[in-house]
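Results of the structural survey
Each chain, written out:
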Amino acid sequence: MADAKLKPKSVDGTEPHGAGNSPQETASTVEVMPPPDAIEPDPELTPEEAEQARKRYLLKRFWISARRYWGRGGDKFAWPFSIGLLAMIGMNVGFQYGINLWNRGIFDAIERHDAGTVYFLSAVFVPLVLGTVAIVTLQVAVRMMIQRRWRSWLTTAVIARWLANGRYYQLNLIGGDHKNPEARISEDLRIATEAPVDFIAGVISAFLAASTFIVVLWTIGGALTLPIAGFTVTIPGFLVITAVLYAAITSSSMAVIGRYFVHVSEAKNQAEAEFRYTLTHVRENGESIALLGGEEEERNDLDKTFANVLKQWALLARQHMRTTLVSHGSMLIAPVVPVLLCAPKFLEGSMTLGQVMQAASAFAIVQGAFGWLVDNYPRLADWNACARRIASLMMSLDGLERAEQSDSLGRIKHGETEGESMLSLNDLSVSLDDGTAVVTETRVEIEPGERVLVAGESGSGKSTLVRAISGLWPWGSGSVNFHADRRLFMLPQRPYIPSGTLRRAVAYPGAADSWTPDEIKAALAKVGLDYLNDKIEEDAPWDQTLSGGEKQRLAFARLLLHQPDIIVLDEATAALDEKSQDKMMQMVIDELPEVTIVSVAHRAELEAFHSRKITLERREGGAKLVSDIDLVPRKRKRNLLSRVLKNPSLPKVSTASNKDSAVPE
């Protein structure tokens, strides 16, 4: 979680970036469209049938978003590049036909010992080859351009949805098949956008090649007459019939042998993603693991996860072996079949050597076109698995979007306060995504400059309440209201340290160059990190280098730079000793005397730095606000009687000093 959660403006006060025609903006615009309606499986289906129906819908869900690349709001170059690719595929088939005719001419000339024709055709061969190479090279460039732009467009769209409204965080709070979203967005989405372009180009090329060279086979081969048991049997277009039968046998064999390829490939991809996640988890928590001496346990976990990867790879290898048996055998046999079929006609003189070679070349092209599935079935299976994984993430995001737009589950509203109040919680209830209450019926009004401490036992919902205030937790009812045009800055217990220089880490979420080096150094000095001043331009793994206490001090340095109006501290001093904690809190009060503070903490010592304390108590049916007391006398007392009448569950408490108004445990 980032340290800053901003409402309604960014921490530097700037508005969102303006209009433009960038892919990022286009993607965001496209994905604003309402998510597809949820499809519930037919209750009469068996579990196996329901799973198959779910997988079919996942592919449909992927295309719902992916095809928008060619629609309104998509990439303006999508159709020009696509049409250009189709044109080059047609030109490539034309060059193939030219080379096929060249084969016939050169071998006929060799058979006739016609040197002049041989030399002429040898010269013609050069432009044919150069033209073919140029078209194929350009075709590859355009095809990969489409893949790159499509991936960029769809990745930007998915990331925009993932980051919007804190959904990247909310995914951790709900159930669903969306584990390892980073692997799905990076690897699975890459394959999901690369493979379809290859497949469509391959199918179109195969169709055009098959259509063209079937005519060649029919024209050259003619009819084959065979004497059988005293009768003569004539087979018209025997080369075409043989090519179709041969392709049907190999394709059906591949379909039968590779019928489990999709499932195995999907399981392999999932195992790989889990292994990557485990490795990342170890790296990110390296310090804790090292301090606890948990290397052996982590090794066992990694060995177990990697063993699953090897198991899935072994199953996939078996599938590859079976499909290779068919594809390699077909590759060896296909060139021989037309020569053997044409041999009788050649020997009897009704077919020239050039025609035999032309037929052999055409047969190989037709067989390659018909056998496209044989050659691409493994990759098609891999695409299937990747498209379903990215679609699963899309479906989880769909669910969050529908929840944002629907009143059935209940959403916490965010608005503006009335009068001078800096922050108000009006009948705020916080619940889980299944409706289970965590915090109920909370009414709090915080005035400018107040420093409010939220207390309560562990599990009473304090951190959940803070997340609701910051807008990260969406489920519940009531409203959270802020004073108009005020900036909120949140400090979590574990501050986020971005990659890059220390200067960037201190300035985050602002740009590193928004403050001068002297301003950065001054902020570090005030929080006791002046010994790092010489390293502010150093690019290092600061998230791993800094201790927990140093990270929390750095987060306080950010406050001094950004100077927000409201600060929410969620155990933001838990890693500091009592003396350091006192210095940080006093520094904030001295440097930002007008700031409004909302703190969540367990340490009683923090009461000295707050003017007000509210206490949550865990109860059946959700935590409740049980007390709201002033820790220091106020110049302008709130109308506590009015608050008690509005919320009868609140005890009537005085506004005396901390000593006189301590709440009994």
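Everything discussed here concerns the structure shown above.
Figured I'd write up the structure that's included with this text. On a predicted model such as this, the values are computed, not experimentally measured, just so you know.

Some details on the nonpolar core
In this structure, F62, L154, W383, L423, L425 and V480 are the most contacted members of the largest nonpolar core, which totals 68 residues. Sort the elements by how many residues they give to this core and helix α13 (residues 372-405) lands first, with 10 residues. Excluding residues that lie within four positions of it along the chain, V480 makes contacts with I412, K413, H414, G415, L423, S424, L425, L428, A468 and I469. In this structure, L453, I520, A572 and A601 belong to the second largest nonpolar core, which totals 41 residues.

Digging into the environment of Y57
With respect to the element layout, Y57 can be found in helix α2 (residues 47-66). C-alpha separation for the pair Y57 and A391, spaced 334 residues apart in sequence, amounts to 9.0 Å.

Examining the packing of helix α3 (residues 78-112) against helix α12 (residues 353-370)
For the pair α3 and α12, interaxial distance at closest approach is 7 Å and the crossing angle is 155 degrees. Judged by the inter-axis angle, α3 sits roughly antiparallel to α12. Crossing geometry of α3 relative to α12 is assigned as right-handed. Residue-level contacts link N100, L101, N103, R104, F107, D108 and E111 of α3 to L353, G354, Q355, M357, Q358, S361 and A362 of α12. Broken down by class, the residue content of the contact of α3 with α12 amounts to five nonpolar, six polar and three charged.

With respect to a nonpolar patch on the surface
Together, V136, V140 and M144 make up a nonpolar patch on the protein surface, roughly 220 Å² of accessible area in all. Residue M144 is classed as partly exposed on the basis of its relative accessible area, which comes to 48%.

Remarks on helix α7 (residues 238-257)
Here α7 contains 20 residues, and its C-alpha end-to-end distance of 28 Å stays within 8% of the 28 Å for a straight helix at 1.5 Å per residue. Those residues of α7 lying buried are F238, L239, V240, A243, Y246, A247, T250, S251 and M254.

Describing the pattern of salt bridges
All chains considered together, the criterion is met by 19 salt bridges. In this structure, R61 engages D398 in a salt bridge whose closest nitrogen and oxygen atoms are separated by 2.5 Å. Linking R61 in helix α2 with D398 in helix α13, this pair joins segments that are 337 residues apart in sequence. Each member of the pair, R61 together with D398, is buried. The partner of D565 in a salt bridge is R487, with the nearest N and O atoms 3.6 Å apart. With D565 in the loop between α18 (548-562) and β9 (566-570) and R487 in the loop between β7 (476-482) and β8 (488-491), this residue pair connects regions lying 78 residues apart in the sequence. On the basis of relative accessible area, D565 is assigned to the partly exposed category, the value being 22%. Overall, the relative accessible area of 22% leaves R487 in the partly exposed class. A network of salt bridges, in which partner residues are shared, links R61, R161, D398 and E401.

Conventions adopted
- Residues numbered from 1 in each chain as written.
- Predicted model: local features only at pLDDT ≥ 70, side-chain atom pairs only at ≥ 80, totals over all residues.
- Heavy atoms only, no water.
- Core = buried A, V, L, I, M, F, W, Y, C linked by side-chain atoms within 4.5 Å.
- Buried < 20%, exposed > 50% of the residue type's maximum accessible area, 1.4 Å probe, protein only.
- Helix = DSSP H or I, 4+ residues; strand = E, 2+ residues; numbered from the N terminus.
- Contact = heavy atoms within 4.5 Å.
- Axes fitted to C-alpha atoms, helices over the stretch in contact; angles between N-to-C directions.
- Parallel < 35°, antiparallel > 145°, perpendicular 65-115°, else oblique.
- Left-handed = near helix turned anticlockwise from the far one by under 90°.
- Nonpolar A, V, L, I, M, F, W, Y, C, P; charged D, E, K, R; others polar.
- Patch = residues over 30% accessible without salt bridge, like charges linked within 9 Å, V, L, I, M, F, W, Y side chains within 5 Å.
- Areas by Shrake-Rupley, 256 points an atom, 1.4 Å probe, with all protein chains shown as cover.
- Salt bridge = Lys/Arg side-chain N within 4 Å of Asp/Glu carboxyl O.
- Expected span 1.5 Å × (residues − 1).

Without other data, these values stay purely geometric and don't point to any function.
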